Amino acid sequence: MAPNTFVPVDFQVPDGLDSELFRLEPLGPQHNERDHEAWMSSIEHIRSTPGFDEGGWPSPMTAERNLEDLERHATDFGERRGFTYSVIDAENVVGCVYIYPSSVEEHDADVRSWVRESRAELDEPLWLAVSGWMRTTWPFSNPRYAARV
């Protein structure tokens, strides 16, 4: 692996994932308004989601501050330090998937995802789709992804 990356240099980072219920695409500044609305409307639901139930995120913030976060995630993606995807159904952002280096030694990646409260029925299908995607597409041998099922 190259310095400051956690995937092999020759690994082709996926530009998304399509399912019957949603698609994943790299998160970027173009998602700001829809992303901000999605999580701001679902703070308690996200905090009850495995992987987010121990931290302080999300906490209310301005759209301008959210844009800074999206720009940071896009930079991480471009520099192969971490990968964040918007979860989109039709035209709406309904969640996010985060793939970052693990903070736990026995895992090589931490994967977390959330969906907005109004689309809570997607929690399990998203977890199943991303779990399969991690096994078949990504170069990790032991990713950690909090169970939903």
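This text follows the structure it describes.
Quick summary incoming for the structure in this document. Predicted model only: the values in this text are computed from it and were never measured.

This paragraph deals with the layout of surface pockets. Here the largest pocket is characterised by a volume of approximately 290 Å³. Every element with two or more residues in the lining of the largest pocket is listed here: α1 (32-40), α3 (63-78), β4 (92-100) and β5 (109-115). Broken down by element, the residue count for the lining of the largest pocket peaks at 5 residues, all from α3. Taken together, the residues of the lining of the largest pocket sort by class into 11 nonpolar, 2 polar and 5 charged.

Turning our eyes to something else, we now look at the pairing of β5. Counted residue by residue, β5 has 6 buried out of 7 residues, so it is predominantly covered. By the bridge criterion, 3 bridges tie β5 to strand β6 (residues 143-145) in an arrangement that is parallel. When the sheet's bridge partners are listed, D110 is paired in β6 with R144. Once the chain exits β5 it traverses helix α4 (residues 123-136) before rejoining the sheet at β6, and the crossover so formed is right-handed.

Further remarks concern the nonpolar core. One finds L24, F83, Y85, V97, I99, V130 and W138 to be the most contacted residues of the largest nonpolar core, which totals 26 residues. Taken together, the elements giving at least two residues each to this core come down to β3 (83-89), β4, β5 and α4. Looking at this core, the element that brings in the most residues is α4, giving 5 residues. The residues contacting L24, other than those within four sequence positions of it, are D15, G16, L17, Y85, S86, V87, V97, L126, V130 and W133. Residues L70, I88, C96 and W114 belong to the second largest nonpolar core, which totals 14 residues.

Now for the packing of α1 against α3. Direction vectors running N to C along α1 and α3 enclose 110°, while the axes themselves pass 10 Å from each other. Taken together, the axis directions place α1 and α3 in an arrangement best described as roughly perpendicular. Listed contacts from α3 to N32, D35, H36 and W39 of α1 are A63, N66, L67 and L70. When grouped by side-chain class, the residues that make up the contact of α1 with α3 number 4 nonpolar, 3 polar and 1 charged.

Let us look at the sheet that holds strand β1 (residues 17-18). Pairing is mixed across the open sheet formed by 6 strands, whose spatial order is β1-β2-β3-β4-β5-β6. Each of the sheet's edge strands pairs with one partner strand only, and the pair in question is β1 and β6. Where β1 meets strand β2 (residues 23-26), 2 bridges bridge the pair, whose relative direction is antiparallel. Each residue of the ladder has a partner; that of L17, found in β2, is L24. Sheet strands in contact with α1 are β4 and β5, and its direction is about 90° off that of β4. Along the sheet face, α3 touches β2, β3 and β4 and points at about 120° away from the line of β3.

Rules used in this analysis
Residues numbered from 1 in each chain as written. Predicted model: local features only at pLDDT ≥ 70, side-chain atom pairs only at ≥ 80, totals over all residues. Heavy atoms only, no water. 1 Å grid on protein atoms, 1.4 Å probe; cavity = no way out; pocket = protein on both sides within 12 Å on 5 of 7 lines; lining within 4 Å. Points joined across faces, edges and corners; volume = space filled by probe spheres on them. Helix = DSSP H or I, 4+ residues; strand = E, 2+ residues; numbered from the N terminus. Nonpolar A, V, L, I, M, F, W, Y, C, P; charged D, E, K, R; others polar. Buried < 20%, exposed > 50% of the residue type's maximum accessible area, 1.4 Å probe, protein only. Pairing = 2+ DSSP bridges. Right-handed = clockwise from strand over helix to strand, strands pointing away. Core = buried A, V, L, I, M, F, W, Y, C linked by side-chain atoms within 4.5 Å. Contact = heavy atoms within 4.5 Å. Axes fitted to C-alpha atoms, helices over the stretch in contact; angles between N-to-C directions. Parallel < 35°, antiparallel > 145°, perpendicular 65-115°, else oblique.

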